[in-house]
Amino acid sequence: MVHPALASLDVARRPAIGLRQAVASRWAVPVALSALTVLSLYLRTRQLNAGFWIDEGISVGIAHHHWSAIPSLLRQDGSPPAYYMLLGLWIRLFGDGERATHTLSLVFGLACIPLAYAAARALFRERTTALVCATLAALEPFLTYYAQETRMYELEAFLSLVAAYAYVEGVLRGRRIWIGVLIPTLALMVYAHNWGLFFCIGIAAATVAFARDRMRQFLVVAAGVALLYLPWIPTLLSQAKHTGAPWSTAPSLRDFLFAPSNVLGGDAAYVALLLAGIVGLAAVVKQRSDEERTIVLTLATIVVATVVAAFVASQLSPAWTARYFSIIVGPLLLLGARGVVRAHGIGLVALVAVVFVWASYSVRDDKENARQITSGVQPYLHPGELVVSTHPEQTPVLRYYLGPNLRWATTLGPQRDPVSSTGGTR
């Protein structure tokens, strides 16, 4: 028999214990997200000072021009203007050094971590899935690599996560405020990279397949994005006619089937997540609520339809390359996290294996040797001397390292504007 005094003491302690548990639970998520962000910051800054390669030289060169001049410069490059305009603002605030411009991409990479948590928590209403999604976003090798590169791919990955989140909330759940988020997000995606158009096709296919009762919301989104994108269409048509990707080849069936591995750290990690995902997501489709089933199927359809659209387009005009798949990072992270959690033991094994592989990934400063070469040549150059590059697109990065007051030429002839000399789709 418990002494009455002890019993009363135990009753008195229960509120205090409950309060401590509530406080601990309240702080658990911020602490976990902070730890993941710190870990990701370490992984994604080890080559922040890496030298520029050809495309990064083009990025910095174009960004140095006035905003009003950037769209016309891109007629020969094949890219839309949003990233270059953003980079132009960044350069004017923080400088154009490797560390400074890479940091812009790093910001988007780190921002994916809390965003992944928020999106997964809102979509699936479960904290475990949200924490797994944040973990995947913190360690994912694609995000680690492009967080240290002055290109638009980290921005596209971030926007794809926002778009997936906003699509579910705005179109599937019919929340109007999220329609207002989805429209500018998709517009930014297509203004940052042309493959954003394939993502829009993926959303259209997912709506037709699994959310026809939400067609009115989708049509509002489609009309809004089309209206915002309309001013760029003449330039897009000109680019399609006069630019291309001669360095690319038409993708094979294997390229199509393993396209997601481009953003999931290679074939091994892709297969592990795919197997766990199939088991877990199959359980969702069979046993979970109609809403969760619809969310899972629409996200999966967005990924598949986006890849199909890119595959078909690249058969007609080859432009298939791993970095362009930044547009499916968002839905892949959300699907991967949900599949792993629903697969239980199999998912846990897959998650541990993938985290182990991803955590050991590191970026090497071996994209190009332009910085090393120019450092040896620069002392022997004098103002007004002619520098000839055998690669027409290499003059911007060489001009960056060798500085002004030199004359430039390529195999195509003299280059009047070496900081933005472009000749294809990158």
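Keep in mind the model is a prediction, meaning the values are calculated, not measured.

Caption draft 1: Quick look at the confidence of the model for the protein chain. Summing up the model confidence of the protein chain, the mean pLDDT is 88 and the portion of residues at 70 or higher is 91%. Low pLDDT (under 50) marks residues 5-9, which in the prediction has one contact with non-local residues, meaning those over four places away or in another chain.

Caption draft 2: Structural view of unusual backbone geometry. Backbone geometry places Arg-125, a non-glycine residue, at a positive phi of 55°. Mapped onto the fold, Arg-125 is located in the loop between helix H5 (98-124) and helix H6 (127-139). Positioned with a positive phi, Asn-405 is a non-glycine residue whose angle comes to about 70°. Counting through the fold element by element, Asn-405 comes out in the loop between helix H19 (395-402) and strand S2 (407-410). Judged by its relative accessible area of 57%, Asn-405 is exposed.

Caption draft 3: Region of the structure containing the packing of helix H10 (residues 196-210) against helix H15 (residues 290-316). Axis separation between H10 and H15 bottoms out at 7 Å; the angle between their running directions is 135°. It follows from the interaxial angle that H10 and H15 lie oblique. The two elements H10 and H15 meet at a crossing, and its hand is right-handed. In this structure, H10 contributes Phe-198, Phe-199, Ile-201, Gly-202, Ile-203, Ala-205, Ala-206 and Phe-210 to the contact, and H15 contributes Thr-294, Leu-297, Thr-298, Thr-301, Ile-302, Ala-305, Thr-306, Ala-309, Ala-310 and Ala-313. For the contact of H10 with H15, the class distribution of residues is 13 nonpolar, five polar and no charged.

Caption draft 4: Structural view of the pairing of strand S1 (residues 386-389). Only one face of S1 is buried: it carries Val-387 and Ser-389, and the other face, with Leu-386 and Val-388, is open. Here S1 runs beside S2; their pairing, made up of four bridges, is parallel. Within the sheet, the bridge partner assigned to Val-387 lies in S2 and is Trp-408.

Caption draft 5: A look at helix H2 (residues 54-63). Burial of H2 is extensive: 10 of the 10 residues sit out of reach of the surface. Taken as a whole, H2 has its buried residues at Ile-54, Asp-55, Glu-56, Gly-57, Ile-58, Ser-59, Val-60, Gly-61, Ile-62 and Ala-63. Taken together, the buried residues of H2 touch helix H3 (70-73), helix H4 (82-94), H5 and H19.

Caption draft 6: Up close: the pairing of S2. This β-α-β element, S1 to H19 to S2, shows right-handed connectivity. Here S2 hands over to strand S3 (residues 413-414) after two residues, the two strands then running antiparallel side by side.

Caption draft 7: The arrangement of the nonpolar core in detail. Of all hydrophobic cores here, the largest spans 122 residues; its most connected members are Tyr-167, Leu-186, Leu-299 and Leu-334. The element that contributes the greatest number of residues to this core is helix H8 (residues 153-172), accounting for 15 residues.

Caption draft 8: Fine view of helix H11 (residues 215-229). Taking 1.5 Å as the rise per residue, H11 with 15 residues should run 21 Å; its terminal C-alpha atoms sit 21 Å apart, in good agreement. Buried residues of H11: Gln-217, Phe-218, Val-221, Gly-224, Val-225 and Tyr-229, and no others. All buried residues of H11 fall inside an arc of 130° around its axis, so they share one side. In H11, the exposed positions angled more than 90 degrees off the buried face are occupied by Arg-216 and Leu-227.

Caption draft 9: Region of the structure containing the environment of Leu-188. Locating Leu-188 in the fold gives a position in helix H9 (residues 176-192). For the pair Leu-188 and Leu-155, spaced 33 residues apart in the sequence, the C-alpha separation amounts to 9.5 Å. Apart from residues lying up to four places away in sequence, Leu-188 is in contact with Glu-156 and Leu-159.

Caption draft 10: Spatial organisation of the side chain of Ser-314. Within the secondary structure, Ser-314 sits in helix H15. Exposure remark for Ser-314: the relative accessible area of 2% places this residue in the buried category. Contact partners of Ser-314, with chain neighbours within four places excluded, come to Trp-195, Ala-250, Pro-251, Ala-319 and Trp-320.

Caption draft 11: Spatial organisation of the sheet that holds S2. Across the sheet, which stays open at both edges, the three strands sit in the order S1-S2-S3 with mixed pairing between neighbours. Looking at the sheet topology across the chains shown, the edges are occupied by S1 and S3. Alignment of S2 against S3, held across two bridges, turns out to be antiparallel. Looking at S3, one finds that Ala-409 is bridged to Pro-414.

Caption draft 12: Structural view of the pattern of salt bridges. Counted under the stated rule, the structure contains 15 salt bridges. Measuring nitrogen to oxygen at the nearest pair gives 2.9 Å for the salt bridge that ties Glu-169 to Arg-173. The exposure classification of Glu-169 matches that of Arg-173, with both residues buried. One salt bridge in this structure joins Arg-293 and Asp-290, with 2.6 Å as the shortest N-O distance. Remark: Asp-290 and Arg-293 occur in helix H15; sequence separation between them is three residues, near one turn of the helix. On the accessibility criterion, Arg-293 (22% relative accessible area) is partly exposed. Three or more residues are tied together by salt bridges with common partners; here these are Arg-125, Glu-169, Arg-173, Arg-175 and Glu-291.

Conventions adopted
- Residues numbered from 1 in each chain as written.
- Predicted model: local features only at pLDDT ≥ 70, side-chain atom pairs only at ≥ 80, totals over all residues.
- Heavy atoms only, no water.
- pLDDT = per-residue confidence, 0-100.
- Contact = heavy atoms within 4.5 Å.
- Helix = DSSP H or I, 4+ residues; strand = E, 2+ residues; numbered from the N terminus.
- Buried < 20%, exposed > 50% of the residue type's maximum accessible area, 1.4 Å probe, protein only.
- Axes fitted to C-alpha atoms, helices over the stretch in contact; angles between N-to-C directions.
- Parallel < 35°, antiparallel > 145°, perpendicular 65-115°, else oblique.
- Left-handed = near helix turned anticlockwise from the far one by under 90°.
- Nonpolar A, V, L, I, M, F, W, Y, C, P; charged D, E, K, R; others polar.
- Pairing = 2+ DSSP bridges.
- Right-handed = clockwise from strand over helix to strand, strands pointing away.
- Core = buried A, V, L, I, M, F, W, Y, C linked by side-chain atoms within 4.5 Å.
- Expected span 1.5 Å × (residues − 1).
- Arc of directions from axis to C-beta.
- Salt bridge = Lys/Arg side-chain N within 4 Å of Asp/Glu carboxyl O.

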